[in-house]
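# Structural overview
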Amino acid sequence: MRLLPAKAERLWPSSKERHSRTKPSQPFWSGYILYDYNFSNFSGVSCVADVGCGRGAQLGQVVERGCPAVGVDLDGEALAVCARQGLTVVQARAEALPFRTASLSGLICKVVLPYTEETRAIGEFARVLAPQGTAFICSHGLGYYLRYLLAAPGWKERFYGLRTIVNTCLYAVLGWRLPWFLGDTVYQTRRRLKRAYRRLGFRLIEDTCSPSFLGLPVFIYQKLERAPWVLDAANRRSDA
Ligand SMILES: C[S@@+](CC[C@H](N)C(=O)[O-])C[C@H]1O[C@@H](n2cnc3c(N)ncnc32)[C@H](O)[C@@H]1O
């Protein structure tokens, strides 16, 4: 395992800590997850990054398909689990990926965006993906946190739902976040994602339907293609 060193800041609790703090058991979400969604459906790609790879579930599938892939995460414990499976990983933030511009042909980011600075992270995806590269991105919508608020078994989870909804409203309207841990999660909306994709040079190829909660999106499954023109524009700027 290559651990990108220095900034060993732990902005994210270990998977064990987080699990005990906020997550009800898996069956709570089982009616909403598309278990057969294929995050490794890349055709003819040469190098893939799984950003926020966690314990390597998707990363392992990509490698099994014979595609070189590297996992990126902040959580050292999760990365160690990947490394024990022989997966290549690097400790880094989604907002500052340790890859050269246009060096990747595929990217996966599954339920990670809510914990990042969304626009910077998507900007990094656009930078590292080569023209016509493919990205599979799964985000959390309002329904995910509303369900936490209204239907989770414990008060901690309900409070997590509430603070995430308040935090996201502040973020969307004023560009602010709540202080400390209160502002650590922002849900995604299709509208905001669409705007970011357009601005950063992504084309939405597929937006897969999944079960909603009270008519609101819970998981947002999207496949994107990196447009060629953004790189050209970036090159022109750096040439000038
Ligand atoms: C809900 S887990 C998803 C893990 C994996 N993608 C999966 O679906 O099994 C979110 C992961 O994102 C990582 N993460 C959170 N913020 C991050 C950031 N800014 N940069 C990179 N990884 C981050 C966490 O450490 C965690 O492993």
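Above: the structure in question.
My aim in this report is to walk through the structure given alongside it, one point at a time. Being a predicted model, the structure only gives us computed values, none of them experimental.

Time to look at the sheet that holds strand 5 (residues 129–140). In a beta sheet, neighbouring strands pair by backbone hydrogen bonds and run either parallel or antiparallel. A sheet is described by the order of its strands in space; here 7 strands give the open sequence 3-2-1-4-5-9-6, paired in mixed fashion. Each edge of the sheet is formed by a strand with only one pairing partner; in this case those strands are strand 3 (88–91) and strand 6 (202–208). Neighbour-to-neighbour, the strand axes of the sheet open up by a mean angle of 20°, direction not taken into account. Pairing of strand 1 (residues 48–51) with strand 4 (residues 104–110) involves 3 bridges; the strand directions are parallel. Paired with Val48 across the bridge in strand 4 is Gly106.

Before going further, it helps to spend a moment on helix 4 (residues 118–128). A large share of helix 4 lies buried, amounting to 8 of its 11 residues. By the burial criterion, the buried members of helix 4 are Glu118, Ala121, Ile122, Glu124, Phe125, Ala126, Arg127 and Val128.

This brings us to the site of the ligand. Around the ligand, 18 residues are found, and the nearest of them are Gly52, Gly54, Asp75, Ala94 and Tyr115. The residue inventory of the shell around the ligand, partitioned by class, reads 10 nonpolar, 3 polar and 5 charged.

Here we come to helix 2 (residues 57–64). Three- or four-residue spacings in an α-helix give side chains the same orientation, since the helix completes a turn every 3.6 residues. For helix 2, the complete set of buried residues consists of Gln58, Leu59, Val62 and Val63. End-on view of helix 2: buried residues confined to an arc of 135°, all on one side of the axis. In helix 2, the exposed residues that point more than 90 degrees away from the buried face are Ala57 and Glu64. The inward-facing, buried residues of helix 2 abut strand 1, strand 2 (69–73), helix 3 (76–84) and strand 4. Just beyond helix 2, the residue with positive phi is Gly66, at close to 85°.

Once that is clear, we can look at unusual backbone geometry. With a phi close to 60°, Ala102 is a non-glycine residue in the positive phi region. Tracing the chain through its elements places Ala102 in the loop between strand 3 and strand 4. Since 18 C-beta atoms lie within 10 Å of it, Ala102 is described here as partly exposed. Even without being a glycine, Val111 presents a positive backbone phi close to 45°. Here Val111 is to be found in the loop between strand 4 and helix 4.

The rules behind these values
Residue positions within a chain follow its written sequence, with the count starting from 1. In keeping with the predicted nature of the model, local features appear solely for residues at pLDDT of at least 70, side-chain atom pairs appear and are counted solely at 80 or more, and the whole-chain, interface and lining totals rest on all residues. Strand pairing is assigned whenever DSSP detects at least two bridges linking the two strands. Helix and strand definitions follow DSSP, with helices as H or I runs of at least four residues and strands as E runs of at least two, each counted in order from the N terminus. To get an axis, a line is fitted to the C-alpha atoms, and for a helix only the part in contact is used. The angle between two axes follows their N-to-C directions and goes from 0 to 180 degrees. Whether a residue is buried, exposed or partly exposed is read from the other C-beta atoms within 10 Å of its own C-beta, which are placed from the backbone; 20 or more gives buried, 12 or fewer gives exposed, and intermediate counts give partly exposed. Think of it this way: take the backbone, place a C-beta atom on it, and check whether that atom is within 6 Å of the molecule or strand, in which case the residue is near it. Put simply, Ala, Val, Leu, Ile, Met, Phe, Trp, Tyr, Cys and Pro go in the nonpolar bin, Asp, Glu, Lys and Arg in the charged bin, and everything else, Gly too, in the polar bin. What the arc covers is the set of directions going from the helix axis to the C-beta atoms. Distance between backbone-placed C-beta atoms decides contact: two residues are in contact if it is within 7 Å.

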